[in-house]
Every structure is written in C-alpha cells, then in structure tokens.
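Take a look at the letters that make up each chain.
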Amino acid sequence: NAGVMQNPRHLVRRRGQEARLRCSPMKGHSHVYWYRQLPEEGLKFMVYLQKENIIDESGMPKERFSAEFPKEGPSILRIQQVVRGDSAAYFCASSPLAGDSYGYTFGSGTRLTVV
Amino acid sequence: TQLLEQSPQFLSIQEGENLTVYCNSSSVFSSLQWYRQEPGEGPVLLVTVVTGGEVKKLKRLTFQFGDARKDSSLHITAAQPGDTGLYLCAGESTGANSKLTFGKGITLSVRP
C-alpha cells in the first residue's frame, strides 16, 4: 500500500546540468500536482497533470521547466540548465479525483541542490 | 491570486498549554485543508472542511471553517511535544481545474 513515491530524495547538480525528478502517484490516483517549497515561502503550485495531459501549468516558469505524466510510468519534472535559484524542495502530490475535497497525498519530496 | 495568511508565523509553548492559530483570506474557497509537515518530509493531511461554519475534531485538535468560507482556525488542547511541526492551511479554489493554494505555515514548538 505504497503512498506517493518520489525519487531521488536528494539531488545535487552543477549549474547548467539537467535535473529530473520522478513521482509515482498512489495506486488509483490519476491526478498529479507538483509544488516547490523554499524556506519561509511556503508551498508554491507549479503544475497539475492527468495522464498524458497538462491541465494547469500556471505556476511553472516559462523557460527551462517542463513536466509530463505519460500513460505508463511516473510523472517527471524536468529542469534544464539548472541555476542556484532552482535549489529547493520539490513535492509531488496525487489525488483520485479532480476538484478533490478529500485532500492530497504528498510524497516525501526531492531536495535539489545546485552547486 | 488567492492568498492565505497564517498567524502567528512562529509559536513556542509549554507542554499542556492550549493554543489557537489562524488561516485567513479575502477569497472564498470550496474547501480548506490543514496539513502538518515535519522536517525532511512532505505535508500530511489532517482534515478537510467544506461547509461554512463546520467544526471538526481530531483528538485534541479542533478545526473550524468560517461561515463565509474564507478563514479557518485550529485549536490544540493540552499541547504535547509530538504536536511540534509546521502547520499548513490550503484552500481549494472554486471552478474547474481546482488546485490547492497554501499559506506559508505556522511553526509550532511544544517544549516538554
């Protein structure tokens, strides 16, 4: 009965490299949300996906960031040419329904450090 | 943009004390959720409130949703060191493609 699985837990990248963050939602959940958390700034929404579709990417930076949730496999958040300002904790959450008032289930996050 | 203001930002109390913290907004939400987050982990859902004026109890925690569905409070009775953590409120926006908007959180420390 695994929850939301995120990997890696910690990721170190040099400036200019690419970072790939993976998220496997809970079984039966088809809605995935990515959030970024910086100290003293709270959780900021990035993108909402369903299988093979991006529903809302209003929180995603226009450049270097992309997300996908393929028919098979985990959701991927990809950051190209990382910069120091990308260092943060990235959380993925899933829910079984859209407009779900039952709450999200979060993963343990990926802590990205750009050096 | 829907904003959620949480107060106080930091709170340090002695074990056994009672406390109330707040989550306020000028926007109406279809539901409001409270999460607790511990260092190095993701947020864990505590409760969801949906109806204006709704009160929910979870052991020593009491959650209330404002009548206008714009604000919420969390009251903890006889706080324990295990209650220490970051408490986040999150509002679910109305309409299609709803998503959660989070407040910055309240850092609670309960001293033994």
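Our subject is the structure that appears above.
Figured I'd write up the structure that's included with this text. Please read these numbers as outputs of a predicted model, since none were measured by experiment.

## Thoughts on the overall build of chain A
Counting its regular elements, chain A contains zero helices and eleven strands. Its helices and strands in sequence order give chain A the pattern β-β-β-β-β-β-β-β-β-β-β, from N to C terminus. In terms of overall size, chain A behaves like a compact globule, its C-alpha atoms giving a radius of gyration of 13 Å where 115 residues would be expected to give roughly 13 Å. Considered along the principal axes of its C-alpha atoms, chain A spans approximately 35 × 25 × 25 Å. Counting the 115 residues in chain A, one finds 43% classified as buried. Considering only intrachain contacts with a sequence separation of at least 6, the fraction spanning at least 24 residues in chain A is 52%. Accessible surface, chain A: about 5,900 Å² in total, of which carbon and sulfur atoms supply 46%. In chain A, which carries 16 positive and 11 negative side-chain charges, the distance between the mean positions of the two groups comes to 8 Å.

## What about the sheet that holds strand E1 (residues 5–7) of chain A?
Residues and elements named next belong to chain A. Judged by pairing direction, the sheet is antiparallel, and its four strands sit side by side in the order E1-E3-E8-E7 without closing on themselves. With one partner strand each, in any of the chains shown, E1 and strand E7 (65–68) form the two edges of the open sheet. For this sheet, the mean angle separating the axes of adjacent strands, direction not counted, is 15°. Two elements, E7 and strand E8 (residues 75–79), share four bridges in a ladder whose sense is antiparallel. Bridge pairing in E8 links Glu 68 to Ile 76.

## A look at the pattern of salt bridges
Residues and elements named next belong to chain A. Evaluated as defined, the whole model comprises seven salt bridges over all chains. Between Glu 18 and Arg 20 there is a salt bridge; the shortest N-O distance is 2.8 Å. Note on Glu 18: relative accessible area 31%, which makes it partly exposed. What makes Arg 20 partly exposed here is its relative accessible area of 38%.

## Examining the sheet that holds strand E8 (residues 71–76) of chain B
All names here are of chain B. In spatial order, the strands read E1-E3-E8-E7-E6; together these five strands make up an open sheet with antiparallel pairing. With one partner strand each, in any of the chains shown, strand E1 (5–7) and strand E6 (55–58) form the two edges of the open sheet. Sheet twist, expressed as the average angle between the axes of neighbouring strands with direction ignored, equals 15°. Looking at chain direction, E1 and strand E3 (residues 19–24) are connected through three bridges and run antiparallel. When the bridges of E3 are listed, Glu 5 appears paired with Asn 24.

## Notes on the nonpolar core
Core analysis: the biggest nonpolar cluster contains 22 residues, and A:Trp34, A:Met46, A:Leu77 and A:Tyr90 have the highest contact counts within it. Breaking this core down by element, the ones donating at least two residues are strand E3 (19–24), strand E4 (31–38), strand E5 (42–50), E7, E8, strand E9 (88–95) and strand E11 (110–114) of chain A. Among the nonpolar cores identified, the runner-up in size contains 21 residues, and B:Phe63, B:Leu74, B:Cys89 and B:Ile106 belong to it.

Here is what the cut-offs are and how they apply
Residues numbered from 1 in each chain as written. Chains lettered and ligands numbered in written order. Predicted model: local features only at pLDDT ≥ 70, side-chain atom pairs only at ≥ 80, totals over all residues. Heavy atoms only, no water. Helix = DSSP H or I, 4+ residues; strand = E, 2+ residues; numbered from the N terminus. Rg over C-alpha atoms; globule rule 2.2 N^0.38 Å. Buried < 20%, exposed > 50% of the residue type's maximum accessible area, 1.4 Å probe, protein only. Contact = heavy atoms within 4.5 Å. Areas by Shrake-Rupley, 256 points an atom, 1.4 Å probe, with all protein chains shown as cover. Lys, Arg positive; Asp, Glu negative; His and termini not counted. Charge placed at Lys NZ, Arg CZ, Asp CG, Glu CD. Pairing = 2+ DSSP bridges. Axes fitted to C-alpha atoms, helices over the stretch in contact; angles between N-to-C directions. Salt bridge = Lys/Arg side-chain N within 4 Å of Asp/Glu carboxyl O. Core = buried A, V, L, I, M, F, W, Y, C linked by side-chain atoms within 4.5 Å.

No statement about biological role is implied by the geometric values presented.
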